[in-house]
Amino acid sequence: MRIETAKNLRKLPPYLFVEIDRAKRQARQEGRDLIDLGIGDPDLPTPKHIIEALYKAAQEPVNHRYALDAGMPKFRQEIANWYRKRFKVCLDEDTEILPLIGSKEGIAHIPFAFLDTGDVCLVPDPAYPAYRNAAVLAGGVPVVMPLLEENNFLPDLSKITLTQAKKTKLMFINYPNNPTSAIADLAFYKNVIKFARKYNIIVCSDLAYSELSYDGYAPPSILELNGAKEVAVEFHSLSKTYNMTGWRAGWVCGNRDVVAALGKFKSNIDSGIFQAIQIAGVEALKSPASLINSLCNVYKERRDALVGGLKNLGWPAQAPRATFYIWTRIPFKMSSIDFCRLLLKKADIVATPGIGFGKYGEGYVRFALTQNKNKIKEAIRRMAAL
Ligand SMILES: *Cc1c(COP(=O)(O)O)cnc(C)c1O
């Protein structure tokens, strides 16, 4: 029998990291000593108190059953507490917060709740690939908002045509940004809200990196602004803040109608998050500030080692104020793919080519600070010898 996939699935490019993983596996099989600065997956373990909470909760038979689709009230309450403390934003835990099986799950499903065939979803480029791909899978039309260095990697909303704006139902924004590590201030979010209200657009703000910041900077939430809840939801995750990428726990919060629609869609797809993970999530959110401070200090040292080293090699790298990525122009006349192939072949270093995040990422490379400082220094030595 000939197996034919859905047209929308065929429209997707192969998942970027799958290709990189294949090349990495091959290099490992050849016994080479790779330094992997490719994937944005923390190398540090989940803090002990969170693992202990999971261990304890996992022993309780009451947690072995189907979880509530809407998530445990205790988890939603703790999310509301966290938002109040961190952003001074009040959220109703019953209607304005919905736990997700990792924020990617919600990001990938929200287009299905809102896009009809042909509806536009505005997506940044370069960007986390899920925004664009989810819009395509849902039958929507992704329209790219270029993130250009001369605009500090913020989208220029005035470049979106009237025809596009009128067809748009959803837009994704993500600051602190993956992959560019750019940040946004409240003035930017204010403009986004104004634009969204004018054209009836649901704003999906991805705040996965809000806690990884340096030099005294604290990234804001769009929900801090008056009127934000009329148009916006925010996606959040335990993954990067607490080194919990494998656990799959996050949430969406903000506009209650949007939260309810995504909840309705999801109730037909999944059956909630394992309760023991939600209980561990409560413990994570209750962690003392010192936990995140020391994590940020670790990344800051790595950031300074990598950016300092690249600068010494004549790269135009700059120290970001948030995220664990260094996004920099490649100072050679070659494509980002060719550069990353060369880096892997000649220096056993894995980095992510900018083009993997969209065509406006061409000419750039992303280094993730997910290796210890010594490894990063070794990577710089190898690059110096290239
Ligand atoms: C890592 C990442 C996420 C996904 O987080 P999960 O909660 O693990 O699904 C979402 N958005 C961006 C931009 C990310 O880099």
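Residues numbered from 1 in each chain as written. Predicted model: local features only at pLDDT ≥ 70, side-chain atom pairs only at ≥ 80, totals over all residues. Heavy atoms only, no water.

**A few points about the packing of helix α12 (residues 289-312) against helix α14 (residues 373-384)**
Phase 1: Relative to each other, α12 and α14 sit at 10°, their axes nearing to 9 Å. Taken together, the axes of α12 and α14 are roughly parallel relative to one another. Residues Glu301, Arg302, Ala305, Leu306, Gly309 and Leu310 of α12 form the contact with α14, whose participating residues are Lys373, Ile376, Lys377, Ile380 and Met383.
Phase 2: The residue inventory of the contact of α12 with α14, partitioned by class, reads six nonpolar, one polar and four charged. (Axes fitted to C-alpha atoms, helices over the stretch in contact; angles between N-to-C directions. Helix = DSSP H or I, 4+ residues; strand = E, 2+ residues; numbered from the N terminus. Parallel < 35°, antiparallel > 145°, perpendicular 65-115°, else oblique. Contact = heavy atoms within 4.5 Å. Nonpolar A, V, L, I, M, F, W, Y, C, P; charged D, E, K, R; others polar.)

**Section: a nonpolar patch on the surface**
Phase 1: A grouping of Leu9, Phe112 and Leu137 is seen on the molecular surface, where their side chains present a nonpolar patch of about 240 Å² in accessible area.
Phase 2: Structurally, the position occupied by Phe112 is in helix α5 (residues 103-114).
Phase 3: Take Phe112: its relative accessible area is 35%, and that puts it in the partly exposed class. (Patch = residues over 30% accessible without salt bridge, like charges linked within 9 Å, V, L, I, M, F, W, Y side chains within 5 Å. Areas by Shrake-Rupley, 256 points an atom, 1.4 Å probe, with all protein chains shown as cover. Salt bridge = Lys/Arg side-chain N within 4 Å of Asp/Glu carboxyl O. Buried < 20%, exposed > 50% of the residue type's maximum accessible area, 1.4 Å probe, protein only.)

**What about the site of the ligand?**
Phase 1: Lining the immediate environment of the ligand, one finds 14 residues, of which Asp206, Tyr209, Ser237, Ser239 and Lys240 sit closest.
Phase 2: Residue Ser103 places a main-chain N or O atom 2.7 Å away from an oxygen atom belonging to the ligand.
Phase 3: Ser237 places a side-chain nitrogen or oxygen 2.6 Å from an oxygen atom of the ligand.
Phase 4: Within the complex, the protein chains bury 94% of what would otherwise be the 390 Å² of accessible surface of the ligand. (Near = heavy atom within 4 Å. Polar contact = N/O pair within 3.5 Å; in protein donor to acceptor, adjacent residues only side chain to side chain.)

**Notes on the sheet that holds strand β11 (residues 352-353)**
Phase 1: With respect to topology, three strands assemble into an open sheet ordered β9-β12-β11, the strand pairing being antiparallel. Where the open sheet ends on each side, the last strands, each with one partner, are β9 (325-329) and β11.
Phase 2: Sheet topology places β9 next to strand β12 (residues 364-368); five bridges connect them, and they run antiparallel. Bridge pairing in β12 places Arg329 opposite Tyr364. (Pairing = 2+ DSSP bridges.)

**A closer look at the environment of Lys373**
Phase 1: Mapping Lys373 onto the fold places it in helix α14.
Phase 2: We classify Lys373 as partly exposed; its relative accessible area is 30%.
Phase 3: In sequence terms Lys373 and Pro129 are 244 residues apart; their C-alpha atoms lie 28 Å from each other.
Phase 4: Once you skip the residues sitting within four places of it in the chain, Lys373 turns out to touch Glu301, Arg302 and Ala305.

**Observations concerning the nonpolar core**
The nonpolar side chains of a soluble globular protein tend to be buried, and buried together.
Phase 1: Ranked by internal contacts, the top residues of the largest apolar core, which has 96 residues, are Tyr83, Met171, Ile173 and Phe367.
Phase 2: Top element by residues in this core is α12. It accounts for eight residues.
Phase 3: The two domains that each donate at least three residues to this core are domain 1 (13-42 + 290-384) and domain 2 (48-285).
Phase 4: Those residues within four positions of Tyr83 in sequence are excluded, and the remaining contacts are Lys88, Val89, Leu91, Leu207, Ser221, Leu223, Glu234, His236, Trp251 and Cys253.
Phase 5: Counting residues in hydrophobic clusters, the runner-up holds 23 residues, among them Phe114, Val123, Ala135 and Val233. (Core = buried A, V, L, I, M, F, W, Y, C linked by side-chain atoms within 4.5 Å. Domains from an automatic or database assignment.)

**Focus: the packing of aromatic side chains**
Two aromatic rings are characterised by how far apart their centres lie and by the angle between their planes.
Phase 1: If you walk through the whole model with that rule in mind, you get 22 aromatic pairs.
Phase 2: Ring plane angle 65° and centroid distance 5.6 Å describe the contact between Tyr128 and Tyr131, whose orientation is recorded as edge-to-face.
Phase 3: Three or more aromatic residues joined by ring pairs make a cluster, and in this case those are Trp82, Tyr83, Phe87 and Trp251. (Phe/Tyr/Trp six-rings, centres within 6.5 Å; stacked < 30°, edge-to-face > 60°.)

**Concerning the packing of helix α3 (residues 48-58) against helix α11 (residues 275-285)**
Phase 1: At a closest axis distance of 8 Å, the pairing of α3 and α11 adopts a crossing angle of 150°. Of the possible angle classes, the one that applies to α3 and α11 is roughly antiparallel. The two elements α3 and α11 meet at a crossing, and its hand is right-handed. Facing His49, Ile50, Ala53, Leu54, Ala57 and Ala58 of α3, the residues of α11 in contact are Ala276, Ile277, Ile279, Ala280, Glu283 and Ala284. (Left-handed = near helix turned anticlockwise from the far one by under 90°.)

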